[in-house]
Amino acid sequence: MVQLVTITSGELTARINPLGAELWSLTDAAGHEYMTDADPAFWTGHAPILFPIIGMLREGHYRVDGETYALSKHGFARQSVFDVVDSGTKFARFRLTDTAETREVYPFRFNLDITFRLDASTLQVMAEVTNAGDAAMPFSFGYHPAFAWPLPGGAAKADHRVVFEHAEPRPIRRIDPPSGLLLPETFDTPVTGDTLVPDAALFAADALIWDHIASRAVRYGAPGGAWLTVRFPDTPMLGIWQKPGAAYLCIEPWQGIADPVGFAGDFRDKPGVVSLEPSEAKRFRMDVQVDPAP
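Here goes a summary of the coordinates provided. What you see is a predicted model; the values in this text were computed from it and never measured.

### Describing the packing of aromatic side chains
Here comes step 1: Following the criterion strictly, the structure yields 18 aromatic pairs and no others.
Here comes step 2: Seen from their ring centres, Tyr106 and Phe108 are 5.0 Å apart, and the 55 degrees between their planes marks the pair as tilted.
Here comes step 3: For the ring pair Trp241 and Tyr248, a centre distance of 5.7 Å and an interplane angle of 45 degrees mean the geometry is tilted. Residues Trp241 and Tyr248 agree in their burial class; the two are buried.
Here comes step 4: Following the ring pairs from residue to residue traces out a cluster consisting of Phe51, Phe76, Tyr106, Phe108, Phe110, Phe139, Phe141, Tyr143 and Phe284.
Here comes step 5: In this structure, Arg219 is placed above the aromatic ring of Trp227, and the distance from its NZ or CZ to the ring centre is 4.4 Å.

Next comes the structure, spelled out in structure tokens:
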């Protein structure tokens, strides 16, 4: 196992695994854990980084510039060891660069930097994707943090809420369970006004997906207990997911989405894919503010 990197602000302590640059733990000064218990009966992930794709590809393959390549769900970043390129008491920066192996499945040169920084009661995560090659580089990027459900503080699981920054009346999207691909139809939103009441039954058909979300922040918690504020200013899509019955809730800011059912076009034309010109970079920020139970 790769040794975890620990950073602390005094108010919060984060532990990050260089395998995937994955946040494994976020605790407050009292030692309360705000991340998943990673129970293997449900899912052993903690907060994988999704790159260069999000979700499943049709038949496990994608096509770009006349060639066909294979990638597994969510891409290879989550299964790659990042280099620790800089660190201090309150921050750590991790980097993944292309290799001969990555270019066999994703034919582009890139740098992917993930920087974790603690500022009092807030964890700031900044991803920067840089095109290190000489051709336009298409990709998607996403965060996949699994927060404790219930959060520490004694509030009941059933009392937890996800409160969106704005009302979210638009329909949502869902996944076709056998294939993992995006269904063509839309579904009535489970959000009432600005509030979602999460329940295991909502996730029997996989994630809730907002492919055009108005909000760029949500609050997650329960009255009388702890709350998290998750801000995602740079990502226009959001997934919320759990394995039904598990002790976590994933709140996932995305730039990209699974292949739509029947999609056979070029990867550059896939919904949610963005493109960088040579030497161009794009950043994706996610902040997690912790408000412990009173």
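Still more to cover.
### Considering the sheet that holds strand β8 (residues 91–97)
Here comes step 1: Overall, antiparallel pairing links the 9 strands, which are arranged β7-β8-β9-β10-β24-β20-β19-β14-β17 in an open sheet. Each edge of the open sheet is held by one strand with a lone partner, namely β7 (83–87) and β17 (195–196).
Here comes step 2: With 4 bridges connecting them, β7 and β8 associate as antiparallel partners. Looking across to β8, one finds that Asp86 is bridged to Arg93.

### Observations concerning the side chain of Asp259
Here comes step 1: Examined against the element boundaries, Asp259 turns out to sit in the loop between β22 (248–255) and β23 (274–276).
Here comes step 2: Asp259 sits in the buried class, given a relative accessible area of 1%.
Here comes step 3: Side chain to side chain, Asp259 and Lys270 meet in a polar contact 2.8 Å long.
Here comes step 4: Residues in contact with Asp259, not counting those within four places in the same chain, are Met56, Leu57, Arg58, His61, Leu181, Leu182 and Lys270.

### Regarding a nonpolar patch on the surface
Here comes step 1: A contiguous nonpolar patch, built from Val2, Leu19 and Val81 and spanning about 210 Å² of accessible area, is present on the exposed surface.
Here comes step 2: Positionally, Leu19 belongs in the loop between β2 (12–17) and β3 (22–28).

### Side note on the sheet that holds β2
Here comes step 1: In space, the 3 strands of this open sheet follow the order β1-β2-β3, with antiparallel pairing throughout. Looking at the sheet topology across the chains shown, the edges are occupied by β1 (5–8) and β3. Averaged over neighbouring strand pairs, the angle between their axes works out to 20 degrees when direction is ignored.
Here comes step 2: With 6 bridges connecting them, β2 and β3 associate as antiparallel partners. Residue pairing for β3: Arg15 is matched across the bridge by Ser25.

Thresholds, definitions, all that
Residues numbered from 1 in each chain as written. Predicted model: local features only at pLDDT ≥ 70, side-chain atom pairs only at ≥ 80, totals over all residues. Heavy atoms only, no water. Phe/Tyr/Trp six-rings, centres within 6.5 Å; stacked < 30°, edge-to-face > 60°. Buried < 20%, exposed > 50% of the residue type's maximum accessible area, 1.4 Å probe, protein only. Lys NZ or Arg CZ within 6 Å of the ring centre and 35° of its normal. Pairing = 2+ DSSP bridges. Helix = DSSP H or I, 4+ residues; strand = E, 2+ residues; numbered from the N terminus. Polar contact = N/O pair within 3.5 Å; in protein donor to acceptor, adjacent residues only side chain to side chain. Contact = heavy atoms within 4.5 Å. Patch = residues over 30% accessible without salt bridge, like charges linked within 9 Å, V, L, I, M, F, W, Y side chains within 5 Å. Areas by Shrake-Rupley, 256 points an atom, 1.4 Å probe, with all protein chains shown as cover. Salt bridge = Lys/Arg side-chain N within 4 Å of Asp/Glu carboxyl O. Axes fitted to C-alpha atoms, helices over the stretch in contact; angles between N-to-C directions.

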